[in-house]
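# Fold and contact review
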Amino acid sequence: MGRQLSVLALLSCFALACSAGRNLWVGSLEVTGHEPFTELALVTDSGERYLLRVSEADREALQARLPARVQVRGRLEEGEWYGQKRSWIRVHSWKVVASSREP
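Figured I'd write up the structure that's included with this text.

Calculation criteria
- Residues numbered from 1 in each chain as written.
- Predicted model: local features only at pLDDT ≥ 70, side-chain atom pairs only at ≥ 80, totals over all residues.
- Heavy atoms only, no water.
- Helix = DSSP H or I, 4+ residues; strand = E, 2+ residues; numbered from the N terminus.
- Buried < 20%, exposed > 50% of the residue type's maximum accessible area, 1.4 Å probe, protein only.
- Contact = heavy atoms within 4.5 Å.
- Core = buried A, V, L, I, M, F, W, Y, C linked by side-chain atoms within 4.5 Å.
- Phe/Tyr/Trp six-rings, centres within 6.5 Å; stacked < 30°, edge-to-face > 60°.
- Pairing = 2+ DSSP bridges.
- Axes fitted to C-alpha atoms, helices over the stretch in contact; angles between N-to-C directions.
- Polar contact = N/O pair within 3.5 Å; in protein donor to acceptor, adjacent residues only side chain to side chain.

Before going further, it helps to examine the overall build of the protein chain. What the protein chain contains, in helices and strands, is 2 helices and 5 strands. Counted from the first residue to the last, the protein chain has its helices and strands arranged as α-β-β-β-α-β-β. Here the protein chain, with 103 residues, has 28% of them falling under the buried criterion. When contacts within the protein chain are restricted to residue pairs at least 6 apart in sequence, long-range pairs at least 24 apart make up 52% of them.

So, on to the nonpolar core. By size, the foremost hydrophobic cluster in this structure holds 14 residues, and its most contacted members are Leu29, Leu42, Leu52, Val70 and Ile89. Broken down by secondary-structure element, the contributors of at least two residues to this core are strand 1 (23–34), strand 2 (37–44), strand 3 (49–53), strand 4 (68–81) and strand 5 (84–99). With 3 residues, strand 4 is the single largest residue contributor to this core. Not counting the four nearest positions on each side in its chain, Val70 is found in contact with Trp25, Val26, Gly27, Leu29, Leu42, Leu62, Lys95, Val96 and Val97.

Counting across every chain of the model gives 3 aromatic pairs. Relative to Tyr50, the ring of Trp25 lies with its centre 5.7 Å away and its plane at 50°, an arrangement referred to as tilted. Of this pair, Trp25 sits in strand 1 while Tyr50 sits in strand 3, placing them 25 residues apart in sequence. Exposure class is identical for Trp25 and Tyr50. Each is buried. Aromatic pair Phe37 and Tyr82: ring centres 5.8 Å apart, planes at 75°, arrangement edge-to-face.

Along the polypeptide, Thr44 turns up in strand 2. Residue Thr44 is classed as buried on the basis of its relative accessible area of 11%.

Moving on: the sheet that holds strand 2. Sheet architecture is closed into a barrel: 5 strands sit in the order 1-2-3-5-4, paired in mixed fashion. This sheet shows a mean twist of 50° between the axes of neighbouring strands, independent of strand direction. Together, strand 1, strand 2, strand 3, strand 4 and strand 5 form the strand contacts of helix 2 (residues 56–63), whose direction differs from that of strand 2 by roughly 65°.

Here we take up the side chain of Glu77. Structurally, the position occupied by Glu77 is in strand 4. Judged by relative accessible area, which is 14%, Glu77 ranks as buried. In terms of polar contacts, Glu77 uses its side chain to reach the side chain of Arg75, at 2.8 Å. A distance of 2.8 Å separates the side chain of Glu77 from the side chain of Arg90, its partner in a polar contact. Apart from residues no more than four positions distant in its own chain, Glu77 is found in contact with Arg53, Arg86, Ser87, Trp88 and Arg90.

So, on to unusual backbone geometry. Cis peptide bonds are those with omega within 30 degrees of zero, and the linkage from Glu35 to Pro36 qualifies with 0°. On the secondary structure map, Pro36 appears in the loop between strand 1 and strand 2. Residue Leu66 is joined to Pro67 through a cis peptide bond whose omega torsion reads -10°. Residue position: Pro67 is located in the loop between helix 2 and strand 4. Although it is not a glycine, Tyr82 adopts a positive phi angle of roughly 50°.

Laid out in structure tokens, this is it:
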């Protein structure tokens, strides 16, 4: 019993460590910029805008669902986009909350 409890405690600590630095955002998904230099952006209900760092496959899947409201888990990063400081989310996972289009 004591050993099983130790394993559960260890797994819980591992899960917390793995999720450290990953936050949750919910908002409207938009495309920002001008072709061919566009990026996906998440606009939260409070008006904050974050550019999204996602794989090409995820980018295509998300763009196919525009307009959409999404839930994003990831890590907040600071960076630049065309010489301007921007906040980025390095996306670890995402989920469509509402969309008027199906892929």
